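Fold and geometry: a report
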Amino acid sequence: MSAPTGFANVVYPAADLDASVAAFTSMLGAEPVFRTADYAMYAIGIALSSKPWVRHPLPFWTVADIAAAHASMLALGATALGEIADGSLAEIGTAPVVNGDPVTGIVDMPGNRLAVLKAVDGNLIAINQSVGW
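Throughout what follows, the structure given in this document is the object of discussion. Remember, predicted model here, so these are calculated numbers, not experimental data.

Structurally, Tyr 12 can be placed in strand S1 (residues 6–13). A relative accessible area of 28% means that Tyr 12 is categorised as partly exposed. Tyr 12 sits 46 residues away from Leu 58 along the chain, and the two C-alpha atoms are 6.5 Å apart.

In this structure the tally under the stated criterion is four salt bridges. Between Asp 108 and Arg 113 there is a salt bridge, with the nearest N and O atoms lying 2.5 Å from each other. In this structure Arg 113 comes out as partly exposed when scored by relative accessible area, which is 24%. Each of Asp 38, Lys 51 and Glu 83 takes part in salt bridges that share partners, so that together they form one network.

With that out of the way, let us pick up the side chain of Glu 83. Tracing the backbone through its elements, the reader meets Glu 83 in strand S6 (residues 79–83). For Glu 83, a relative accessible area of 11% corresponds to the buried category. Of note is the side chain of Glu 83, whose polar atom sits 3.3 Å from the side chain of Asn 99. Glu 83 has contacts with Lys 51, Trp 53, Ser 88, Leu 89, Pro 96, Val 97, Val 98 and Asn 99, leaving out every residue within four places of it along the chain.

Moving on, we get to helix H1 (residues 17–28). Spanning twelve residues, H1 covers 16 Å between terminal C-alpha atoms, matching the ideal 16 Å at 1.5 Å per step. Those residues of H1 that sit buried are Leu 17, Ser 20, Val 21, Phe 24 and Thr 25. Seen along its axis, H1 keeps its buried residues to an arc of 130 degrees; they face one direction. Exposed side of H1, more than 90 degrees from the buried face: Asp 18, Ser 26 and Met 27 are the residues found there. Tucked into the core, H1 has its buried residues touching S1, strand S2 (34–35), strand S3 (39–41) and strand S4 (46–49). Capping the start of H1 is the job of one residue whose side-chain oxygen sits 3.3 Å from the backbone nitrogen of Asp 18: Asp 16. Just past H1, the residue Gly 29 takes up positive phi, approximately 70 degrees.

With that settled, consider the packing of aromatic side chains. The final tally for this structure, using the stated rule, is three aromatic pairs. Seen from their ring centres, Tyr 12 and Phe 24 are 5.8 Å apart, and the 40 degrees between their planes marks the pair as tilted. Here the residue Tyr 12 occupies a position in strand S1, and Phe 24 occupies one in helix H1, the gap between them amounting to twelve residues. The buried category is assigned to Phe 24, whose relative accessible area is 17%. Connected via pairs of aromatic rings, a cluster forms that spans Tyr 12, Phe 24 and Tyr 42.

With that out of the way, let us pick up helix H2 (residues 66–75). Among the residues of H2, Ile 66, Ala 69, His 70, Ser 72 and Met 73 are the ones counted as buried. Take H2 and look down its axis: the buried residues cluster within an arc of 165 degrees, on one side only. Next to the buried residues of H2 lie strand S5 (58–62), S6, strand S9 (112–118) and strand S10 (124–130). A distance of 3.1 Å separates the backbone nitrogen of Ala 67 from a side-chain oxygen at the start of H2, and that oxygen is part of Asp 65.

Criteria and cut-off values
Residues numbered from 1 in each chain as written. Predicted model: local features only at pLDDT ≥ 70, side-chain atom pairs only at ≥ 80, totals over all residues. Heavy atoms only, no water. Helix = DSSP H or I, 4+ residues; strand = E, 2+ residues; numbered from the N terminus. Buried < 20%, exposed > 50% of the residue type's maximum accessible area, 1.4 Å probe, protein only. Salt bridge = Lys/Arg side-chain N within 4 Å of Asp/Glu carboxyl O. Polar contact = N/O pair within 3.5 Å; in protein donor to acceptor, adjacent residues only side chain to side chain. Contact = heavy atoms within 4.5 Å. Expected span 1.5 Å × (residues − 1). Arc of directions from axis to C-beta. Phe/Tyr/Trp six-rings, centres within 6.5 Å; stacked < 30°, edge-to-face > 60°.

Put into structure tokens, the structure is as follows:
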């Protein structure tokens, strides 16, 4: 298994993204380095998301090989999740995936590969592999 080596970032829920960005920008003294309509990332590894599946702070574990870590977690009973049309997460195969690989749920972004799985106990586990683009 590609075991976690630390934490890449943590994503906080933000029902009102604009208000959360204003508050975090004031608190951190810096603007987000990346922003979309439903996501904002700060350089220090703090992110905000208004996606409906982000209900609690979610740390992303750093892994060297996301495909290997993903496969290992599945072998241990985790469930692969993918983002569907309404912005929520669903078990792979139960609804069309709109963001990421429809077979694994792994999302390729500039500089990172991400995935979210549901552990046997129901907790969400997020993993992140840095990649050079």
